[in-house]
Amino acid sequence: MVEHQRQAMALLMSGAALKPREGQFLGGIAFDANPLSEKQANWLAILLRKHGLEGEGA
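Report on the accompanying structure. (Residues numbered from 1 in each chain as written. Predicted model: local features only at pLDDT ≥ 70, side-chain atom pairs only at ≥ 80, totals over all residues. Heavy atoms only, no water.)

### Re the pattern of salt bridges
Note on pairing: side chains with opposite charge can pair once their charged atoms come close. Test applied: Just to be clear on terms, a salt bridge is a Lys or Arg side-chain nitrogen sitting within 4 Å of an Asp or Glu carboxyl oxygen. The secondary structure listing takes helices from DSSP runs of H or I that are at least 4 residues long and strands from runs of E that are at least 2 residues long, numbered from the N terminus.
Counted according to the given criterion, the structure contains two salt bridges. The partner of Glu 3 in a salt bridge is Arg 6, with the nearest N and O atoms 3.2 Å apart. Taken together, the residues Glu 3 and Arg 6, both in helix H1 (residues 3-13) and three residues apart, mark about one turn of the helix.

Laid out in structure tokens, this is it:
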């Protein structure tokens, strides 16, 4: 499991009130070990900050 997968799973399991598109995005990258695009990496970082998990390796 690569870092972005761990971060996505941590956010999904955190109980954060996610919007449907956020959950769909996180679910998609949680099970995809391919490198994130710059846009995906930026959105992941934004979501981690928004939900207080930025210290999780982002």
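That shown, we press on.
### Topic: the packing of H1 against helix H2 (residues 20-30)
As a reminder, the rule being used: Think of each axis as a best-fit line through the C-alpha atoms, taken over the contacting stretch in the case of a helix, with angles from 0 to 180 degrees between the N-to-C directions. Working rule for angles: under 35 degrees goes down as roughly parallel, over 145 as roughly antiparallel, 65 to 115 as roughly perpendicular, anything else as oblique. Handedness of each helix crossing follows the sense of rotation of the near helix against the far helix: counterclockwise by less than a right angle gives left-handed, clockwise gives right-handed. Only heavy atoms matter for contacts: two residues are in contact if any of them lie within 4.5 Å across the pair. Ten residue types, Ala, Val, Leu, Ile, Met, Phe, Trp, Tyr, Cys and Pro, are classed as nonpolar, four, Asp, Glu, Lys and Arg, as charged, and the remainder, Gly among them, as polar.
Contact geometry for H1 and H2: axes closest at 8 Å, N-to-C directions at 140 degrees. Between H1 and H2, the crossing angle belongs to the class labelled oblique. Like other packed secondary-structure pairs, H1 and H2 cross with a definite hand, here left-handed. On H2, the residues that touch His 4, Gln 5, Ala 8, Met 9, Leu 11 and Leu 12 of H1 are Gly 23, Leu 26, Gly 27, Ile 29 and Ala 30. In the contact of H1 with H2, the residues fall into seven nonpolar, four polar and no charged.

### Some points on the side chain of Glu 22
Using the following cut-off: Definition of a polar contact: a pair of N or O atoms within 3.5 Å, with one able to donate and the other able to accept a hydrogen when the atoms are protein atoms, and with sequence-neighbouring residues admitted only if both atoms are side-chain atoms.
Looking at where Glu 22 falls in the secondary structure, it is placed in helix H2. Looking at Glu 22, its side chain comes within polar contact range of the side chain of Lys 50, at 2.8 Å. Excluding residues that lie within four positions of it along the chain, Glu 22 makes contacts with Ala 17, Trp 43, Leu 47, Lys 50 and His 51.

### As for the environment of Glu 22
Counted only if it meets this: Per-residue accessibility, obtained with a 1.4 Å probe over protein chains only, is compared with the maximum for each type, and a residue is labelled buried under 20%, exposed over 50%, and partly exposed between these values.
Here Glu 22 falls in the buried class, since its relative accessible area comes to 5%. For Glu 22 and Leu 12, which are 10 residues apart along the polypeptide, the C-alpha to C-alpha distance reads 9.4 Å. Within polar-contact distance, the side chain of Glu 22 engages the backbone nitrogen of Lys 19 at 2.9 Å.

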